[in-house]
Amino acid sequence: MNGPVVALSGGIGGAKLALGLARVLPPGALTVIANTGDDFEHLGLAISPDLDTLLYTLAELADPLQGWGRRDETWNFMETLRQLGGETWFALGDRDLALHVERTRRLAAGATLAEVTEHFRAHFGIAARILPMSDAPVRTRLRTAAGWLDFQDYFVRRRCAPAVGEIQYAGAATAAALPAALAALADPALRAIVICPSNPLLSVGPMLAIPALRSALQQARAPVIAVSPLIGGRAIKGPTAKLMQELGLAVDAAEVARGYAELIDVFVADEADAGMTVPDGVRLVTAPTLMTTLADRERLARAVLQS
Ligand code: FO1
């Protein structure tokens with residue numbers, strides 16, 4: 001049956017399925033709620049990596065290899081910054097930089113993060129809605145032997161090397177969920193809610209740590225469908241498996257499903273994990289979840305919507 005779909009997504013992996021969903025659904029049927037726990041201020045700029053990855057991916061402007069940033073990029077700013085002795089551990093392409101400068105200007109002028117994102121979505125001609133999980137700051141932080149680290153310091157600067165003992169979503173407990181996100185989740189015509197295959201701990205966790213978002217999923221009449229970010233116990237990209245191991249969690253899809261237990265109706269896992277167990281009340285669906293090509297993204301999106 002038809003009807004709107006809401007997807008919860010972080011950066012690269014989630015954005016791939018978001019694109020697949022956007023391409024198989026009628027224009028305007030998809031709303032993506034994005035993680036903002038990776039956001040930070042850098043070089044005086046307000047940077048929202050997962051919102052930007054979703055904008056570029058849904059605009060089909062994303063760098064196909066990196067997954068983040070733009071494919072049509074030049075690097076004069078970074079090269080000159082390096083020559084000037086500036087901080088260059090976080091790569092900002094020239095075109096990407098313009099978006100951060102404009103977001104920073106609009107925020108300083110009093111716009112909300114949702115308003116700025118809406119402006120960029122319209123500019124890129126993206127049919128799907130892209131909503132930050134909140135306009136209030138939520139910051140993922142990680143406790144390591146080197147002390148508590150901000151997200152991008154851990155993820156980019158230190159390349160996820162430090163062992164993590166604890167993850168904190170600072171601000172999530174008091175952050176107001178974006179009203180438009182709650183409205184989308186409460187839509188009686190909703191066909192499905194999809195938790196994209198983003199890192200459960202780093203990208204989905206911050207969203208589910210916002211009380212109103214979590215309860216919106218619990219109360220949703222539409223089926224909640226989570227897609228596994230692991231295949232055969234391995235992450236396609238990023239530190240999911242390493243983090244789960246460091247936090248003493250089983251490193252497999254069953255653990256991910258357990259983490260979502262009271263929120264989801266369906267768990268979509270790769271055929272490699274067909275024998276896995278899922279919590280009571282959760283239905284297991286298996287499908288190829290590796291998304292290398294655009295056709296893969298669309299195929300998985302169809303499998304999710306038909307699950
Ligand atoms: N990730 C990296 O691994 N290295 C980078 O230099 C980097 C720069 C960057 C710039 C803008 C942006 O929106 C994202 C960027 N990312 C970079 C990715 C980002 O750190 C991650 O995609 C998310 O925070 C995790 O999903």
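Just above, that's the structure.
Right, let's walk through the structure included here.

Procedures and definitions
Residues numbered from 1 in each chain as written. Predicted model: local features only at pLDDT ≥ 70, side-chain atom pairs only at ≥ 80, totals over all residues. Heavy atoms only, no water. Pairing = 2+ DSSP bridges. Helix = DSSP H or I, 4+ residues; strand = E, 2+ residues; numbered from the N terminus. Axes fitted to C-alpha atoms, helices over the stretch in contact; angles between N-to-C directions. Contact = heavy atoms within 4.5 Å. Phe/Tyr/Trp six-rings, centres within 6.5 Å; stacked < 30°, edge-to-face > 60°. Buried < 20%, exposed > 50% of the residue type's maximum accessible area, 1.4 Å probe, protein only. Expected span 1.5 Å × (residues − 1). Near = heavy atom within 4 Å. Polar contact = N/O pair within 3.5 Å; in protein donor to acceptor, adjacent residues only side chain to side chain. Areas by Shrake-Rupley, 256 points an atom, 1.4 Å probe, with all protein chains shown as cover. Nonpolar A, V, L, I, M, F, W, Y, C, P; charged D, E, K, R; others polar.

Topic: the sheet that holds strand β8 (residues 164-170)
Taking strand neighbours across the sheet as the criterion, the 3 strands line up as β7-β6-β8 in an open arrangement whose pairing is antiparallel. Strands at the two margins of the open sheet, each flanked by one partner only, are β7 (147-150) and β8. Sheet twist, expressed as the mean angle between neighbouring strand axes with direction ignored, is 25 degrees. Two elements, strand β6 (residues 139-144) and β8, share 6 bridges in a ladder whose sense is antiparallel. If you follow T144 over to β8, its bridge partner there is V164. Lying on the sheet, helix α8 (residues 200-208) is in contact with β6 and β8; it crosses β8 at an angle near 30 degrees.

Details of the packing of aromatic side chains
Counted according to the given criterion, the structure contains 5 aromatic pairs. For the ring pair F40 and F90, a centre distance of 4.8 Å and an interplane angle of 75 degrees mean the geometry is edge-to-face. Here F40 is found in strand β3 (residues 40-42), whereas its partner F90 is found in the loop between α3 (76-83) and α4 (94-108), with 50 residues between them in sequence. You can call F40 buried: its relative accessible area is 16%. Residue F90 is classed as buried on the basis of its relative accessible area, which comes to 10%. Relative to F90, the ring of W89 lies with its centre 5.8 Å away and its plane at 70 degrees, an arrangement referred to as edge-to-face. Aromatic ring contacts, followed pair by pair, group F40, W89 and F90 into a single cluster.

Examining the environment of Q219
Its place among the elements puts Q219 in helix α9 (residues 211-219). The class for Q219 is exposed, based on a relative accessible area of 62%. Taking the C-alpha atoms as reference points, Q219 and P206, separated by 13 residues in sequence, lie 19 Å from one another.

Re helix α1 (residues 12-24)
With 13 residues, α1 extends 19 Å from end C-alpha to end C-alpha; this agrees with the ideal 18 Å at 1.5 Å per step. Turning to α1, its buried residues number three or more, namely G14, A15, L17, A18, L19, G20 and L21. In this fold, the buried residues of α1 make contact with β1 (5-9), β2 (30-34), α2 (49-58), β9 (192-195), β10 (224-227) and α12 (294-305).

Brief notes about the site of the ligand
Near the ligand lie 14 residues; those nearest to it are D38, D50, F90, A91 and Q152. One of the side-chain nitrogen or oxygen atoms of D50 is found 3.1 Å away from an oxygen atom of the ligand. In the environment of the ligand, an oxygen atom lies 2.8 Å from a nitrogen or oxygen atom belonging to the side chain of Q152. Out of a free accessible area of 530 Å², the ligand has 91% covered by protein chains. Broken down by secondary-structure element, the contributors of at least two residues to the shell around the ligand are α2 and α6 (151-157). For the shell around the ligand, a count of residues per class yields 8 nonpolar, 2 polar and 4 charged.

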